[in-house]
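Chain residues, written in single-letter form:
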Amino acid sequence: MNGARTGDLPQPGVDRLDGLWPRPVPVVMAVLNRTPDSFSDGGRFLDDEDGLRHAERLIADGADIVDIGGESTRPGADPVPAVAELLRVVPMVAELRRRRPGVVISVDTSKFEVAEAALEAGADLVNDVTAAADGRMLGLVAERGAAIVLMHMRGSPATMQLDTVYSDVVAEVRDFLGRRAEAAVAAGVPAHRVWIDPGIGFGKDVDGNLKLLAALPELAALGHPVVVGPSRKSFLGRLTGAPVDGRLAGSLAALVPTIGLERAVVRVHDPGPTVHFLEVACRLRGAAP
Ligand code: HH2
């Protein structure tokens, strides 16, 4: 498939990734945070058994992809050293791959070393919130025949909510993602393995997040699968007054713009209700006159 892949590297999840599409409903990527400080579930799945149990529950609830992360990217979060992130993420990837050969596994990291070790351990996809700021990341993904999520963020998690003013948020994010996707294709990642994400909550205010969600069809027109992750985020709290554990309805409503997109991925904490919501919403759209 990928001519750049060399023969003696481990076979990546070619079939698993290619099995995601075509399908009429968005793909569900469920979050497994192996962190002490994530904004909605920090500390809950740090223990190995708790983490594996949660991964199994996410899959049983209908997740197509399990996205395993070892560093929080919430606003103001402190960076985690590579060694600590490796220890949180890589053994979990390896064990989940052993138990679940068919499930697509994503590693939520922007560190080359962590991505490399996770791909080696059986991950199929690198979810990089810095859109491959490390110059080696795209070459690694191309070489392994993996896929990559390129996400837009302004600044870093430490600074991103300090300046959320854009002259045209949709144009700026679209142009950035278009440029990064071109770089990925130029590095040898096939276009259908380059997924783009507007980065809901990453350096955007409520209005910016809403505009980007409404503009998902415009981003999809760049010709790549589109990922979106509004789940439980603070703009939903601002809109509804709900605390983090009361934002499920808002999280589902924020997925409405993914209905009808050809290749959409929704990154969520609650795959069960999300699958039901997407099923009904897509059927409803299909039934419209
Ligand atoms: N959001 C978060 C983390 N990673 N990746 C992509 N592609 N898109 C997102 O919107 C996105 C992401 C933040 O959510 P969460 O992982 O639950 O929190 P934390 O970063 O605090 O661990």
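Given the structure is predicted, the values throughout are model-derived calculations rather than measurements. (Residues numbered from 1 in each chain as written. Predicted model: local features only at pLDDT ≥ 70, side-chain atom pairs only at ≥ 80, totals over all residues. Heavy atoms only, no water.)

Thoughts on the pattern of salt bridges
Scanning all chains against the criterion turns up 24 salt bridges. Two residues, aspartate 175 and arginine 174, come together in a salt bridge whose shortest N-O distance is 3.5 Å. Aspartate 175 gets classed as partly exposed once you look at its relative accessible area, which sits at 37%. Among the residues examined, arginine 174 registers a relative accessible area of 24% and is labelled partly exposed. (Salt bridge = Lys/Arg side-chain N within 4 Å of Asp/Glu carboxyl O. Buried < 20%, exposed > 50% of the residue type's maximum accessible area, 1.4 Å probe, protein only.)

Focus: the environment of leucine 252
Within the secondary structure, leucine 252 sits in helix H10 (residues 248-253). On the accessibility criterion, leucine 252 (14% relative accessible area) is buried. Between the C-alpha atoms of leucine 252 and glycine 145, which are 107 residues apart in sequence, the distance is 32 Å. In contact with leucine 252, other than residues within four places in its own chain, are Pro273, Thr274 and Phe277. (Helix = DSSP H or I, 4+ residues; strand = E, 2+ residues; numbered from the N terminus. Contact = heavy atoms within 4.5 Å.)

Some remarks on the nonpolar core
Grouped together as the largest cluster of nonpolar side chains are 68 residues, with contacts concentrated most on Leu32, Val66, Ile68, Val93, Val126, Ile148 and Leu150. Per-element accounting of this core gives the leading share, 6 residues, to helix H6 (residues 169-186). Sequence-distant contacts of valine 66, that is, excluding residues within four places in its chain, are made with Ala30, Leu32, Leu58, Ile59, Leu96, Val103, Val104, Ile105 and Ser106. Grouped together as the second largest cluster of nonpolar side chains are 13 residues, Leu17, Leu20, Leu125 and Val227 included. (Core = buried A, V, L, I, M, F, W, Y, C linked by side-chain atoms within 4.5 Å.)

Some points on the packing of helix H4 (residues 112-120) against helix H5 (residues 137-144)
Following both chains from N to C, one finds H4 and H5 inclined at 10 degrees, their axes separated by 10 Å at the closest point. Considering their axes alone, H4 and H5 lie roughly parallel with respect to each other. Packed against H4, whose contacting residues are Phe112, Ala115, Glu116, Leu119 and Glu120, the element H5 presents Met137, Leu140 and Arg144 at the interface. Split into classes, the residues belonging to the contact of H4 with H5 amount to 5 nonpolar, no polar and 3 charged. (Axes fitted to C-alpha atoms, helices over the stretch in contact; angles between N-to-C directions. Parallel < 35°, antiparallel > 145°, perpendicular 65-115°, else oblique. Nonpolar A, V, L, I, M, F, W, Y, C, P; charged D, E, K, R; others polar.)

A short note on H6
The terminal C-alpha atoms of H6 lie 26 Å apart, and with 18 residues this matches the ideal 26 Å at 1.5 Å per residue to within 8%. Among the residues of H6, those classed as buried are Val169, Val170, Ala171, Val173, Leu177, Gly178, Ala181 and Ala184. Packed against the buried residues of H6 are H5, strand E5 (147-151), strand E6 (194-197), helix H7 (206-214) and helix H8 (216-220). Of the residues trailing H6, glycine 188 is marked for its positive phi of about 110 degrees. (Expected span 1.5 Å × (residues − 1).)

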